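These are the residues of each chain, in order.
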Amino acid sequence: MTDPRVPLTTYRLQLGPEFSFEDATARVPYLASLGVTDLYLSPILAAAPGSTHGYDVVDHSRISDVMGGREGFEHLVGAAREHGMGIVVDVVPNHMAVPTPASLNKALWSVLAEGPESPYASWFDVDWSGEASVLMPVLGRRVGAAMADGEITVTRLDEPELGITPDRPVLRYFDQRFPIRAGTENLPLAELLERQHYRLAYWRVADEELNYRRFFDVGTLVAVRVERPEVFEATHALIFELMDAGLIDGLRIDHPDGLADPRGYFRRLDERTGGAWTVAEKILEPDETLPADWPTAGTTGYDAAWRIGQVLTDPAGAVGLGTLMQDIAGDAVGSLPALIESSKREIVTGALYAEVHRLSTIIADLCHDDVRLRDHTLRAITDCVSELVVACDRYRAYVVPGEVAPAASDTLVREMAVRAAQRLDPERAETLDVVVDLVLGREVGSAGRQHEARRNEVIVRFQQVCGAVMAKGAEDTAFYRWTHLVSLCEVGAAPQKFAIGADELHAWAANIAASRPASMTAGSTHDNKRGEDVRARIGVLSELAPQWVETVTALRELTQAVRPAGLEGRTENLLWQTLAGTWTSQGPITVDRFADYLVKAAREAKTWTTWTDPGTEAEDALRAFCQHLLTDPATHEVMTAWVARTADAVRAATLATKALQLTLPGVADVYQGTESTRIALVDPDNRGPVDFEVLEAELERLDGGASPAGLAQEKLRLTSRVLRLRRDVPEAFVGARAGYQPLPTSTGHAVAFSRTLDGQPAAVTVVTRLPAALSAVGGWGEHTVVLPAGRWRDVLTGTEYDGGSQVLSGLLSASPVAVLTAV
């Protein structure tokens, strides 16, 4: 049996109606020329109608028709194989779509029709107690009003493409369709609704009474119970078939923290696939590592991305940018922890209240069944659960039902309890102790298998709720509110650190090389709030904080008469930084893209507008202000001057970001289009079309010996040369034989390291760090880097160097980065 294929360099393609398997096939020769070794595909299974991302799967047994179906997929795989390329596929085990109409999800339709007796009832994480019906919060108003106005009707439809035929009546609500329970077809509407295995409800009811687990707070994504063997096999059957047929080599697993048992899931996956290369989309805190007993190659690279960004962030800018944030947004520099805490508390008592209530109810039932614990009321338990969840500073506590909690987990949960106790009435102390013991797997309450199952459920659901609250409270709320330096506020990032030094980056990289050498490094992803090039431009603000304060002051004075009177401070500070991140030598992005991003960011921040209660007038005023900014000649003059002033620093940051990401330990991913510069904001902006024809022509020109014409071509040259270097000496970059060794420099303005093969240096990376501050002290001067012994050639320029001490002004004379290969 051959060893599983391990990618060297992946290229992420966002598939969908606008970019099919056929479109991807046409780009394979270009990607092979670029140096890519494996295609990394977004989810390929059948998704909800109109899906632009594929994470809303409706049918695990079928490849997406709109992408080209199985035939199209196999054609793409064939083209990739002709160029020696592998295939990595994104898999979504945590949830499925609740589509419109629901009949498109056959498994869910069966559950709605047959309830607990459905053969698919075990698939979904539904609480069948109480009313024993699934809440369907799809109505635009309360059910009584919808019924009174005839919006809910019983009808027979001939819609075979939706799986609906006239032999069985259905409930219809505008575009939605729902099955009717057998034997209830002829009942009066009110009685008929009462007798179904689901309950139609006003959409606002979801946050308070939803009885199925969902993906965070998205009611249209219902959780799937892959911890059950039959569900795991059924939902992965096609993926396994494609792997057994040699059509898929590796997997990216979406959101494992939503699963009841991530470790068990990865173990089953590892066993079933014969140890196929698999990475987990796992968000880790700075002091957290991927559990050693999760059999995965590593993460999808968030942990690499934030460290790369923050080693290129100037700590000297923290004070000036912090003062500006306080002046505009009203947030003090040290207030981020409190902001995260308050944001999480909003989510616990709002969008995710139903999940907290369900967990609290299970604990209350356990207490009620034991006379010794009956004085712990549901309200007291809910208070304690809420504060414990808020106090959890990561996605998971790593407690497994039936096992003694690891010492680190025990310490973590007890530290959470200390923080929670500070927020609770002292009278809640004993109740908090009970909750903590249950979360840690202690035997609390009555004995018996039923109670043991409930205790295990507490352990599982607590961690599922913690992950959801971290995601929605910290990353999707607080990180949109915190505007100290918004390039730091990314998925999986650590804005509380502001900047890190080269030594911290080296220590992390050495650990990854030793522990997870085939983990992934990422620069941009489909989940980013802003792409790598936007982050690099914003990061430069830290190097020129006084100048940026002057620029913002000038812009505020210029726009004082047209700036909306009620423009919220955090939104305004985000706006100015986004302007810096997206304004290039070609000018600004389109008004629609800029305004759409800011409105989305404001809704996520939930301060003055939300997705559920949009502040329409204020949003319109913000859009009008964006229109003025991006078309006003005076603004253009200020921003053109800023672009010119920061050009050298932006060039260095852009190229250094890419050079580090492509040469640090792990499988390097290139998100579509980011081999060149790409100004991209949050989705759907970052899923926009890529002009591959232009990129291919530019690469051919560079390969023909032409010099790069501008930063975009410089980045393309860098990417192609490094990817080809990786392909030439693959074992120096990925795998057990690859190593990492920091190289001595005489200045903190350079980051340098070698990649080794069996302990021998095989490649060297040297990048400029904080060039604006470097320029302020007169440049490199006589500062040096010590190259490993031997002879070295720069893959960008072809210039050769001897090992030993090299003057940085010479090594980096043509480019702010150098990547060297042994001659």
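About the criteria used
- Residues numbered from 1 in each chain as written.
- Predicted model: local features only at pLDDT ≥ 70, side-chain atom pairs only at ≥ 80, totals over all residues.
- Heavy atoms only, no water.
- Helix = DSSP H or I, 4+ residues; strand = E, 2+ residues; numbered from the N terminus.
- Rg over C-alpha atoms; globule rule 2.2 N^0.38 Å.
- Buried < 20%, exposed > 50% of the residue type's maximum accessible area, 1.4 Å probe, protein only.
- Axes fitted to C-alpha atoms, helices over the stretch in contact; angles between N-to-C directions.
- Parallel < 35°, antiparallel > 145°, perpendicular 65-115°, else oblique.
- Contact = heavy atoms within 4.5 Å.
- Nonpolar A, V, L, I, M, F, W, Y, C, P; charged D, E, K, R; others polar.
- Pairing = 2+ DSSP bridges.
- 1 Å grid on protein atoms, 1.4 Å probe; cavity = no way out; pocket = protein on both sides within 12 Å on 5 of 7 lines; lining within 4 Å.
- Points joined across faces, edges and corners; volume = space filled by probe spheres on them.
- Polar contact = N/O pair within 3.5 Å; in protein donor to acceptor, adjacent residues only side chain to side chain.
- Left-handed = near helix turned anticlockwise from the far one by under 90°.
- Core = buried A, V, L, I, M, F, W, Y, C linked by side-chain atoms within 4.5 Å.
- Patch = residues over 30% accessible without salt bridge, like charges linked within 9 Å, V, L, I, M, F, W, Y side chains within 5 Å.
- Areas by Shrake-Rupley, 256 points an atom, 1.4 Å probe, with all protein chains shown as cover.
- Salt bridge = Lys/Arg side-chain N within 4 Å of Asp/Glu carboxyl O.
- Lys, Arg positive; Asp, Glu negative; His and termini not counted.
- Charge placed at Lys NZ, Arg CZ, Asp CG, Glu CD.
- Expected span 1.5 Å × (residues − 1).
- Arc of directions from axis to C-beta.

Which parts of the structure should I look at to understand the overall build of the chain?
Within the chain, the secondary structure is distributed over 27 helices and 24 strands. Here the chain has a C-alpha radius of gyration of 28 Å; the compact-globule value for 823 residues is 28 Å, and the two agree. Judged by the C-alpha coordinates and their principal axes, the chain covers about 85 × 65 × 55 Å. Split into buried and exposed, the 823 residues of the chain put 61% on the buried side.

It is not clear to me how the packing of helix H19 (residues 545–558) against helix H23 (residues 633–663) should be interpreted in this structure. Could you clarify?
Angle between the axes and distance between the axes are the two parameters that describe a pair of packed helices. One way to put it is that H19 packs onto H23 with a least axis distance of 10 Å and a crossing angle of 170°. Classified by the angle between their axes, H19 and H23 sit roughly antiparallel to one another. On H23, the residues touching Gln-547, Trp-548, Glu-550, Thr-551, Leu-555 and Leu-558 of H19 are Ala-634, Thr-635, Val-638, Met-639, Trp-642 and Arg-645. Of the residues contributing to the contact of H19 with H23, the split by class is seven nonpolar, three polar and two charged.

Help me understand unusual backbone geometry in this model?
Leave glycine aside and you will find that most residues have negative phi; peptide bonds, for their part, are mostly trans. Between Thr-100 and the following residue, Pro-101, the backbone shows a cis peptide bond with an omega angle of -5°. In this fold, Pro-101 is placed in the loop between strand S6 (95–97) and helix H3 (106–114). Residue Pro-684 follows Asp-683 across a cis peptide bond; omega there is 5°. In this structure, Pro-684 sits in the loop between strand S18 (667–671) and helix H24 (692–703). A positive phi angle, near 55°, is found at Phe-216, a position not held by glycine.

Mind showing me how you'd approach the sheet that holds strand S2 (residues 38–41) here?
Adjacent strands of a sheet pair through backbone hydrogen bonds, lying either parallel or antiparallel. Taken together, eight strands build an open sheet; the order of strands is S16-S15-S14-S5-S2-S1-S18-S17 and the sheet is parallel. Either end of the sheet is taken by a strand with one partner, and the two such strands are strand S16 (298–299) and strand S17 (520–521). As paired strands, strand S1 (residues 9–13) and S18 are joined by four bridges and run parallel to one another. When the sheet's bridge partners are listed, Tyr-11 is paired in S18 with Val-670. Against the sheet, helix H8 (residues 262–273) contacts strand S5 (86–91), strand S14 (250–253) and strand S15 (277–280), and its axis sits at roughly 165° relative to S14. Contacts between helix H25 (residues 711–728) and the sheet are confined to S1 and S18, with S18 contributing the most and set at about 150° to the helix.

When you look at empty space enclosed by the protein in this model, what are you seeing that I'm missing?
The method is simple in principle: a probe with the dimensions of a water molecule rolls over the atoms, and the space it marks as empty is what remains. The tally for this structure, following the rule as stated, stands at eight cavities of 30 Å³ or more. Together, 24 residues line the largest cavity, and Ala-305, Trp-306, Gly-309, Ser-487 and Arg-535 are the ones closest to its centre. Mapped by element, the contributors of at least two residues to the lining of the largest cavity are helix H9 (302–311), helix H18 (532–539) and H23. Considering each element in turn, the lining of the largest cavity owes the most residues, six residues, to H9. What the second largest cavity holds in volume is close to 200 Å³. Forming the boundary of the second largest cavity are 20 residues, of which Arg-213, Arg-214, Glu-355, Gln-464 and Val-465 lie nearest the centre. Secondary structure elements with two or more residues in the lining of the second largest cavity: strand S12 (214–215), helix H12 (353–368) and helix H16 (449–481). Of the residues in the lining of the second largest cavity, the class split is nine nonpolar, five polar and six charged.

For this particular structure, what's the right way to read the environment of Glu-159?
With respect to the element layout, Glu-159 can be found in the loop between strand S8 (152–155) and strand S9 (170–173). A relative accessible area of 13% places Glu-159 in the buried class. Beyond its immediate sequence surroundings of up to four residues, Glu-159 is in contact with Ile-164 and Arg-177. Looking at Glu-159, its side chain comes within polar contact range of the side chain of Arg-177, at 2.9 Å.

For this particular structure, what's the right way to read the packing of helix H21 (residues 591–605) against helix H22 (residues 616–631)?
Contact geometry for H21 and H22: axes closest at 9 Å, N-to-C directions at 145°. In the crossing of H21 with H22, the sense of the turn from one axis to the other is right-handed. Contacts from Val-591, Phe-594, Ala-595, Asp-596, Leu-598, Val-599 and Arg-603 of H21 reach H22 at Glu-619, Leu-622, Arg-623, Cys-626, Gln-627, Leu-630 and Thr-631. Residues belonging to the contact of H21 with H22 are distributed by class as follows: eight nonpolar, two polar and four charged.

Can you help me understand the nonpolar core in this one?
Soluble, globular proteins show a tendency: their nonpolar side chains are buried together. With 196 residues, the main nonpolar core has Leu-39, Leu-41, Ile-44, Phe-73, Phe-124 and Trp-576 as its most contacted residues. In this view, Leu-39 contacts Tyr-11, Leu-13, Val-28, Leu-31, Leu-76, Ala-80, Met-85, Gly-86, Ile-87 and Val-88; residues no more than four positions away in its chain are not counted.

Would you mind going over a negative patch on the surface with me for this structure?
A cluster of acidic side chains, namely Asp-425, Glu-427, Glu-430 and Asp-433, defines a negative patch on the protein surface. Tracing the chain through its elements places Asp-433 in helix H15 (residues 429–439).

Would you mind showing me how to read the sheet that holds S12 here?
With antiparallel pairing, the three strands of this open sheet are ordered in space as S6-S13-S12. In this open sheet, the two edge strands, each paired with only one partner strand, are S6 and S12. Pairing of S6 with strand S13 (residues 218–223), which is carried by three bridges, proceeds in the antiparallel orientation. Looking at S13, one finds that Met-96 is bridged to Val-222.

Got a minute to help me understand the layout of surface pockets in this structure?
Considering only enclosed or pocket space, the second largest pocket measures out at about 680 Å³ in volume. Lining the second largest pocket are 27 residues, and of these Asp-127, Trp-128, Ser-129, Asn-211 and Arg-358 lie nearest its centre. Elements with a minimum of two residues in the lining of the second largest pocket: helix H6 (206–209), H12 and H16. If one sorts the elements of the lining of the second largest pocket by residue count, H12 sits on top with six residues. Looking at side-chain class alone, the lining of the second largest pocket contains eight nonpolar, seven polar and twelve charged residues.

How should helix H10 (residues 318–329) be read in this particular structure?
Between its first and last C-alpha, H10 extends 15 Å over twelve residues, near the 16 Å set by a 1.5 Å rise per residue. Listing the buried residues of H10 in full gives Ala-318, Leu-321, Gly-322, Leu-324, Met-325, Ile-328 and Ala-329. Summarising the axial view, the buried residues of H10 lie within an arc of 160°, below the 170-degree limit, and thus occupy one face. Of the exposed residues in H10, the ones pointing more than 90 degrees away from its buried face are Val-319 and Asp-327. Buried residues along H10 sit against H19 and helix H20 (569–582). Note on H10: the residue one or two positions beyond its end, Gly-330, has a positive phi of about 85°.

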